[in-house]
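Each chain is listed here by its residues.
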Amino acid sequence: MRIGLISESPTVSTGFGVNARHLVRLLAELGHPTVVFGVCGEGTRFDPADYPCQIRLMPRDQFYALPMLPAFLAEQKPDVLLVHYDIAAVKRFVDAARASGWTGPVIVHYVADG
């Protein structure tokens, strides 16, 4: 199953980024090809060989990244979305995906941050 992970990029050292790194490695071990909508990743340097997934680097601010989600979904065609964020961001990204015509399943891993 092709997973579209929406999170901070696994290439950044934020809490969400570190957890995204763990998630993509686990998904790879389970045999799921994964493509990441990597918020906060734009401008970061990384070696793609260090990550068992494709990473599309997005702007740091979620509000700049949100308009890029429809093109990501159309290009990558994931079977399922996995949204890994705080509850407010989860709502924004799920709403944006649905508004763009996404009708597939969504798995949510939200973090109580605070």
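Note: the structure precedes this text.
Residues numbered from 1 in each chain as written. Predicted model: local features only at pLDDT ≥ 70, side-chain atom pairs only at ≥ 80, totals over all residues. Heavy atoms only, no water.

Draft legend 1. Just the side chain of Thr11, in detail. Structurally, Thr11 is set in the loop between β1 (3–8) and α1 (15–29). The class of Thr11 is buried, set by a relative accessible area of 15%. Side-chain polar atoms of Thr11 contact the side chain of Ser9, separated by 2.6 Å. Of note is the side chain of Thr11, whose polar atom sits 3.2 Å from the side chain of Thr44. Setting aside residues no more than four positions away along its own chain, Thr11 makes contact with Gly41, Thr44, Phe46, Tyr51, Ile55 and Leu57. (Helix = DSSP H or I, 4+ residues; strand = E, 2+ residues; numbered from the N terminus. Buried < 20%, exposed > 50% of the residue type's maximum accessible area, 1.4 Å probe, protein only. Polar contact = N/O pair within 3.5 Å; in protein donor to acceptor, adjacent residues only side chain to side chain. Contact = heavy atoms within 4.5 Å.)

Draft legend 2. How the structure looks around helix α4 (residues 87–99). Taking 1.5 Å of rise per residue, the 13 residues of α4 would be expected to cover 18 Å, and the 18 Å separating its terminal C-alpha atoms lies within 8% of that figure. Those residues of α4 lying buried are Ala89, Val90, Phe93, Val94, Ala96 and Ala97. Down the axis of α4, the buried set is contained in an arc of 160°. They therefore lie on one face. More than 90 degrees from the buried face of α4, the exposed residues found are Ile87, Lys91 and Ala99. (Expected span 1.5 Å × (residues − 1). Arc of directions from axis to C-beta.)

Draft legend 3. Quick look at the pairing of strand β2 (residues 34–39). The buried fraction of β2 is high, at 6 of 6 residues. Taking every second residue as pointing to the same face, both faces of β2 are buried, with Thr34, Val36 and Gly38 on one and Val35, Phe37 and Val39 on the other. Here β1 pairs with β2 via 6 bridges, running parallel. From the neighbouring strand, Leu5 faces β2, where its bridge partner is Val36. Each parallel crossover has a hand, and for β1 linked through α1 to β2 it is right-handed. Looking at chain direction, β2 and strand β3 (residues 54–57) are connected through 4 bridges and run parallel. Counted as the bridge partner of Val36 is Ile55 from β3. (Pairing = 2+ DSSP bridges. Right-handed = clockwise from strand over helix to strand, strands pointing away.)

Draft legend 4. Fine view of helix α3 (residues 69–76). Within the span of α3, buried status applies to Leu69, Phe72, Leu73 and Gln76. One face of α3 carries all of its buried residues, which in axial projection span an arc of 95°. Away from its buried face by more than 90 degrees, α3 exposes Ala71 and Glu75. Those residues of α3 that are buried lie in contact with β1, β2, β3, α2 (62–65), β4 (80–86) and α4. Looking at the residues trailing α3, positive phi occurs at Lys77, about 50°.

Draft legend 5. Here's a closer look at the sheet that holds β3. A sheet is described by the order of its strands in space; here 5 strands give the open sequence β3-β2-β1-β4-β5, paired in parallel fashion. At either margin of the open sheet sits one strand with a lone partner, and together these are β3 and β5 (106–111). Each strand of the sheet is rotated relative to its neighbour by a mean of 20°, with strand direction disregarded. Against the sheet, α1 touches β1, β2, β4 and β5, its axis set at about 160° to β1. In the packing of α4 onto the sheet, contacts are made with β1, β2, β4 and β5, and the angle to β4 comes to roughly 150°. (Axes fitted to C-alpha atoms, helices over the stretch in contact; angles between N-to-C directions.)

None of the figures reported here should be taken as evidence of function without further support.
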